[in-house]
Amino acid sequence: MERTFIMIKPDGVQRHLTGEIIHRFERKGFTLVGLKMMQVSRELAETHYSVHQERPFFKGLVDFITSAPVIAMVWEGENVVSAARNLIGQTNPTTADPGSIRGDFGVSIGRNLIHGSDAIETAQTEIALWFVEDELVDWKPVRQSWLYE
């Protein structure tokens, strides 16, 4: 089973979309194995977005992600990384497909509600950055046999 890192950004928390977003991942059949609400430190934000460090929007990203609490999560399931990206939708909500989280609730690229790992390797790195091992729970939901062969 793959794992992926998902974060409901400050705008998603402030707009009270947390339950709706979590519900979509549960309905898809993924298993929540880690969850915490947190105020992101500047250091963590800069590390998370380090790939954008030389870009002009880097400071804005860090300022935004540290502006209010986020919900950090780890989800597990078959092909969860790519399936989660489909659930989330394209980065720009104005071009995201209807039915995706960003397509249904997003308004602008700078306030696009949610982050999701873009590859298995990225997911592993992000999970290790945001969670310590004992914050993750290994468990098998009873519905699992109804989802996977």
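For clarity, every value in this text was computed on a predicted model and none was experimentally measured.

How each quantity is defined
- Residues numbered from 1 in each chain as written.
- Predicted model: local features only at pLDDT ≥ 70, side-chain atom pairs only at ≥ 80, totals over all residues.
- Heavy atoms only, no water.
- UniProt positions renumbered as here; feature names shortened; annotations may be inferred.
- Helix = DSSP H or I, 4+ residues; strand = E, 2+ residues; numbered from the N terminus.
- Buried < 20%, exposed > 50% of the residue type's maximum accessible area, 1.4 Å probe, protein only.
- Contact = heavy atoms within 4.5 Å.
- Pairing = 2+ DSSP bridges.
- Axes fitted to C-alpha atoms, helices over the stretch in contact; angles between N-to-C directions.

### Topic: the UniProt feature "binding site: ATP" (unreviewed entry) in the protein chain
Stage number 1. In this numbering, the UniProt entry assigns the feature "binding site: ATP" (unreviewed entry) to Lys 9, Phe 57, Arg 85, Thr 91, Arg 102 and Asn 112.
Stage number 2. Mapped onto the elements, Arg 85 comes out in helix H5 (residues 80-88).
Stage number 3. Using a relative accessible area of 30% as the deciding quantity, one classes Arg 85 as partly exposed.
Stage number 4. Secondary-structure assignment places Arg 102 in helix H6 (residues 101-105).
Stage number 5. Apart from the residues lying within four places of it in its own chain, the contact partners of Arg 102 are Lys 9, Ile 88, Gly 89, Gln 90, Thr 91, Pro 93, Ala 96, Asn 112, Ile 114 and His 115.

### Description of the sheet that holds strand S3 (residues 70-77)
Stage number 1. A sheet is described by the order of its strands in space; here four strands give the open sequence S2-S3-S1-S4, paired in antiparallel fashion. One side of each edge strand has no neighbouring strand; the edge strands of this open sheet are strand S2 (31-38) and strand S4 (114-116). Ignoring which end each strand starts from, the neighbouring axes of this sheet average 15 degrees apart.
Stage number 2. Bridging between strand S1 (residues 2-8) and S3 involves seven bridges; their strand directions are antiparallel. By the bridge assignment for S3, Met 7 is matched with Ala 72.
Stage number 3. Across the face of the sheet, helix H7 (residues 120-130) comes into contact with S1, S2, S3 and S4 while running at roughly 60 degrees to S1.

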